[in-house]
Amino acid sequence: MSVLVRFAPSPTGRLHVGNVRAALFNWLFAKKHGGQFLLRSDDTDQERSTKEYEDGIQADLAWLGLTHDDFARQSERFSVYDDVSEHLKAKGLLYPAYETAEELDRKRKLQRARGLPPVYDRAALNLSDEEKAKYEAEGRRPHWRFKLSQTPVEWDDMVRGAVSLDTATISDPVLIREDGQYLYTLPSCIDDVDFGITHVIRGEDHVTNTAAQIEVFRAILDYRGKGEMPRFGHHSLLVGKEGEGLSKRLGSLSIASMREEGIEPQAITSLLARLGTSDPVEAVTDMGVLAEGFDMDRLGRAPARFDVDDLRALNAKILHLLPYARVSDRLEKIGVSEALWNAVRGNLDRLEDAALWKTVTEGEIAPVIADEDADFLRQAAEHVPAGSLAAENWKPFVDAVKEESGRKGKGLFMPLRLALTGEARGPEMADLFALIGSDKAKARLKGEKA
Ligand code: GLU
């Protein structure tokens, strides 16, 4: 059996770290097993779905490297959903109900007051044709509920192990609203069957729907006369570092805003692939390597804590590992050469900050010199070799300056760094020294802008 998984966002907003985690798990699972990854746009809610969000989701996934092998759009399959629902209606598995939201609410309140679970009482199943006609004449339109078997449903969850739920304990789910709109369940199950999805990997907020969905799947599989029930895997959800829900901060946790902040896609994928697992978080720049090390068995059931500071720290590690060829397009835009990238990448929080070191090495800066260091630095200037410099020139230069001045440690290095770069911190001085070059180095040590 070859693996086929899908990521099925509704295009009603941009992707954030929470839903991208589901996309990533599906993608890694597909790669690991030599399978395929389908991107499905769950756009049956035509009022809230937009093309702009759909494009945005695709752009975010492409940027993350989560490429899809196939793409489907639910809004193009309404005739298929209509056909299956007609079949389910004919079989009595989909039945019309006419209660208004207020009436249903009242029923639930009464049930709670009596200490009963708020499960739909199936009153609609007993409506006579006359009663239905009367409702219709009043202008009511039915919503359609799926008739559950009211028996135990079991599945072997890839994360949670054996799960069992008696569908007598849940309400018959509404699959079609009174305005005719399909809610998520029916189109999703039909598509999973028709596309041959082998594994449904998604957040544990869907666990409670799964028993009902399995019954819907059975009905569709029976109608199709072929296909198989997918396996289910429900991963835990992301929470904030204090365990708080993330929903309020989702705007700032969008992939688009992280990209804008200068976070590399590999930092996001490296962190999300390991959060909530028993494996340590590591900076991994190769998605193939990440997929190789991915295992659904290692996902824990506890919520995974997401801290944006971990992401920033991982970002610095990723930059350190990225060879010039992987980022040359972006570096060319800011005029950063390969030599400069190799010198500074170990010291950056964001790739774009390489531009600062371009100014230090190629542009003009005002050296920072404390009065008490001025003489020392003027003398140091005499030791800068003429001609082109290499990183190897730094140590003999410093040794000579040290010997002459008797300075050492911070008192030796900090004035040199401040004068040569204008900054108190930064990449290895040997590399910068070579890139700054002899003329600029001499001038800056003498206190001149250069
Ligand atoms: N469109 C559904 C959602 O975003 C898909 C859930 C699923 O993976 O089945 O919640």
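Details of the structure are given in the entry above.
Residues numbered from 1 in each chain as written. Predicted model: local features only at pLDDT ≥ 70, side-chain atom pairs only at ≥ 80, totals over all residues. Heavy atoms only, no water.

**Some remarks on the site of the ligand**
Surrounding the ligand, one finds R6, A8, S10, D42, Y184, R202 and H206. With respect to the ligand, the side chain of D42 contributes an N or O atom lying 2.7 Å from a nitrogen atom. Within the side chain of H206, an N or O atom sits 3.1 Å from an oxygen atom of the ligand. Protein coverage of the free-state accessible area of the ligand, which is 290 Å², stands at 77%. When its residues are assigned to classes, the shell around the ligand shows two nonpolar, two polar and three charged. (Near = heavy atom within 4 Å. Polar contact = N/O pair within 3.5 Å; in protein donor to acceptor, adjacent residues only side chain to side chain. Areas by Shrake-Rupley, 256 points an atom, 1.4 Å probe, with all protein chains shown as cover. Nonpolar A, V, L, I, M, F, W, Y, C, P; charged D, E, K, R; others polar.)

**Regarding the side chain of S236**
Mapped onto the fold, S236 is located in the loop between β10 (231-235) and β11 (238-240). Judged by relative accessible area, S236 falls into the buried class, the value being 2%. In this structure the side chain of S236 is engaged in a polar contact, spanning 2.9 Å, whose partner is the backbone oxygen of A302. Sequence-distant contacts of S236, defined by excluding residues within four places in its chain, comprise R21, E204, G300, R301, A302, P303 and A304. (Helix = DSSP H or I, 4+ residues; strand = E, 2+ residues; numbered from the N terminus. Buried < 20%, exposed > 50% of the residue type's maximum accessible area, 1.4 Å probe, protein only. Contact = heavy atoms within 4.5 Å.)

**What about the pairing of strand β2 (residues 36-41)?**
Counting buried positions along β2 yields five of six residues, so the element is predominantly enclosed. Where strand β1 (residues 4-7) and β2 come together, four bridges link them in parallel fashion. When the bridges of β2 are listed, R6 appears paired with L38. Between the parallel elements β1 and β2, the chain passes through helix α1 (residues 17-32) in a crossover that is right-handed. (Pairing = 2+ DSSP bridges. Right-handed = clockwise from strand over helix to strand, strands pointing away.)

**Quick look at the sheet that holds strand β8 (residues 174-176)**
Sheet strands line up and pair through hydrogen bonds in the backbone, either parallel or antiparallel. Pairing is antiparallel across the open sheet formed by three strands, whose spatial order is β4-β5-β8. Among the strands making up the open sheet, the edge pair consists of β4 (94-97) and β8. Within the sheet, the average angular offset between the axes of one strand and its neighbour, ignoring direction, is 45°. Sheet topology places strand β5 (residues 143-146) next to β8; two bridges connect them, and they run antiparallel. From the neighbouring strand, R145 faces β8, where its bridge partner is V174. (Axes fitted to C-alpha atoms, helices over the stretch in contact; angles between N-to-C directions.)

**Some remarks on the pattern of salt bridges**
All told, the structure shown has 36 salt bridges when counted by the stated rule. Between D194 and R77 there is a salt bridge, with the nearest N and O atoms lying 3.0 Å from each other. Placement of the pair is D194 in helix α6 (residues 185-195) and R77 in the loop between β3 (70-73) and α3 (78-90), with a sequence separation of 117 residues. One connected set of salt bridges, linked through shared partners, spans R6, R40, D42, R77, D191, D192, D194 and R224. (Salt bridge = Lys/Arg side-chain N within 4 Å of Asp/Glu carboxyl O.)

**Quick notes on the environment of R6**
By the secondary structure assignment, R6 is in strand β1. Through-space distance from the C-alpha of R6 to that of A22 is 9.6 Å; in sequence the pair is 16 residues apart. If near-sequence neighbours (up to four positions away) are discounted, R6 is found in contact with N26, L38, R40, S188, D192, I197, V200 and R202. A polar side-chain atom of R6 sits 2.9 Å from a polar atom in the side chain of D192.

**A short note on the packing of aromatic side chains**
For the structure shown, the criterion picks out ten aromatic pairs. Relative to F433, the ring of W394 has its centre 5.0 Å away and its plane inclined at 65°; by these criteria the two rings are edge-to-face. Placement of the pair is W394 in helix α16 (residues 394-405) and F433 in helix α18 (residues 429-436), with a sequence separation of 39 residues. With a relative accessible area of 0%, F433 lands in the buried category. Considering the side-chain rings of F397 and F433, the 5.0 Å spacing of their centres and the 25° angle between planes classify their relative orientation as stacked. Note that F397 is positioned in helix α16 and F433 in helix α18, a separation of 36 residues in sequence. Looking at F397, the relative accessible area reads 2%, which means it is buried. Taking the ring centre of W144 as reference, the NZ or CZ of K89 above it sits at 4.0 Å. The positively charged end of R407 is found above the aromatic ring belonging to F376, 4.1 Å away from the centroid. (Phe/Tyr/Trp six-rings, centres within 6.5 Å; stacked < 30°, edge-to-face > 60°. Lys NZ or Arg CZ within 6 Å of the ring centre and 35° of its normal.)

**Notes on unusual backbone geometry**
Backbone geometry follows two general trends: most residues other than glycine have a negative phi, and most peptide bonds adopt the trans configuration. Backbone geometry at R122 places phi at a positive 65°, although glycine is not the residue there. Structurally, R122 is set in the loop between α4 (101-113) and α5 (129-137). Of note, the phi angle at Q150 is positive, near 55°, even though the residue is not glycine. You can see Q150 is positioned in the loop between β5 and β6 (152-157).

Function cannot be read off these values alone, since they describe shape.
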